[in-house]
Amino acid sequence: MRLALWGPHARLGLVTILTTFIVDQAVKTWLLFSFVIGQRGRVEITPFFDLVLAWNPGVSYGLFQQDTIEGQWLLAGFST
């Protein structure tokens, strides 16, 4: 069985990925600089959903956090 990376719906998939990435980055930029979420603290949206600013200096879910530039380069080296 051969894996098909390009097919009839590949263009739709690429447009979806690119649109999602752009919207995600635009919302994050707006929250940081226009909404200024860092100064607001916890923002309650619904009784079960809050927005909270959190920085993740590590990899997925904050594992292997590195606060120094050397540690960040070490993680970058392992990721390639």
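In the block above lies the structure referred to throughout.
Basis of the calculations
- Residues take numbers from 1 onward in each chain, read along the sequence in its written order.
- Note on the predicted model: pLDDT of at least 70 is required for a residue's local features to be given, and 80 or more for side-chain atom pairs to be given and counted; whole-chain, interface and lining totals, by contrast, use all residues.
- Working from all heavy atoms in the structure, the side-chain values ignore hydrogens and water.
- Under the DSSP-based scheme used, a helix requires at least four consecutive residues in state H or I and a strand at least two consecutive residues in state E, with every element numbered from the N terminus.
- Each residue's exposure class comes from its accessible area (1.4 Å probe, protein chains only) as a fraction of the maximum for that residue type: buried when under 20%, exposed when over 50%, partly exposed otherwise.
- In this description, contact between two residues means that some pair of their heavy atoms is separated by no more than 4.5 Å.
- Only the protein chains shown count as cover for residues, and all accessible areas are computed by the Shrake-Rupley method using a 1.4 Å probe.
- The working definition used for a salt bridge is a side-chain nitrogen of Lys or Arg within 4 Å of a carboxyl oxygen of Asp or Glu.
- The rule for pairing is simple: two strands pair if DSSP sees at least two bridges between them.
- Points on a 1 Å grid, built from protein atoms alone, make a cavity when a 1.4 Å probe fits but cannot get out and make a pocket when they are open with protein on both sides within 12 Å along at least 5 of 7 lines; residues with an atom within 4 Å of a point are the lining residues.
- Grid points are joined across faces, edges and corners, and a volume is the space filled by probe spheres set on the points.
- Under the scheme applied here, ten amino acids are nonpolar (Ala, Val, Leu, Ile, Met, Phe, Trp, Tyr, Cys and Pro), four are charged (Asp, Glu, Lys and Arg), and all others, including Gly, are polar.
- Note on patches: the residues involved have over 30% relative accessible area and no salt bridge, like charges join within 9 Å, and the nonpolar side chains Val, Leu, Ile, Met, Phe, Trp and Tyr join within 5 Å.
- N or O atoms within 3.5 Å of each other form a polar contact, as long as, within protein, one can give a hydrogen and the other can take it, and as long as residues adjacent in sequence are counted only when both atoms are side-chain atoms.

A. Spatial organisation of the overall build of the chain. Counting its secondary structure elements, the chain contains three helices and two strands. The helix and strand sequence of the chain, counted from the amino end, reads α-α-β-β-α. The buried share of the chain, taken over its 80 residues, is 9%. Within the chain, residue pairs in contact and separated by at least 24 positions form 0% of the contacts whose partners lie at least 6 positions apart. Carbon and sulfur atoms provide 67% of the accessible area of the chain, an area that totals close to 7600 Å².

B. Structural context of unusual backbone geometry. Backbone geometry at Val-36 places phi at a positive 50 degrees, although glycine is not the residue there. The residue Val-36 is located in the loop between helix H1 (10-33) and helix H2 (37-40) in this model.

C. Focus on the pattern of salt bridges. Evaluation of the coordinates by the stated rule reveals two salt bridges. A salt bridge links Arg-42 to Asp-50; the nearest nitrogen and oxygen atoms lie 2.6 Å apart. Judged by its relative accessible area of 29%, Asp-50 is partly exposed.

D. Main features of the pairing of strand S1 (residues 43-46). As defined by bridge partners, S1 adjoins strand S2 (residues 49-51) across three bridges and the pair is classed as antiparallel. Note that in S2 the partner of Val-43 across the bridge is Leu-51. Between S1 and S2, which pair antiparallel and follow one another directly, the connecting turn spans two residues.

E. Layout of the layout of surface pockets. The calculated volume of the largest pocket comes to roughly 280 Å³. If you go around the largest pocket, the residues you meet are Lys-28, Leu-31, Leu-32, Ile-37, Leu-51, Val-52, Leu-53, Ala-54, Trp-55 and Asn-56. The biggest single contributor to the lining of the largest pocket is H1, with three residues. Looking at the lining of the largest pocket, its residues break down into eight nonpolar, one polar and one charged.

F. Representation of a nonpolar patch on the surface in the model. On the surface, Leu-32, Phe-33, Leu-53 and Trp-55 cluster together into a nonpolar patch covering about 480 Å² of accessible area. Its place among the elements puts Trp-55 in the loop between S2 and helix H3 (69-79).

G. Region of interest: the environment of Arg-40. Here Arg-40 shows up in helix H2. Residues Arg-40 and Leu-53 lie 13 residues apart in sequence; the distance between their C-alpha atoms is 9.1 Å. A polar contact of 2.6 Å, which involves the side chain of Arg-40, links it to the backbone oxygen of Phe-35.

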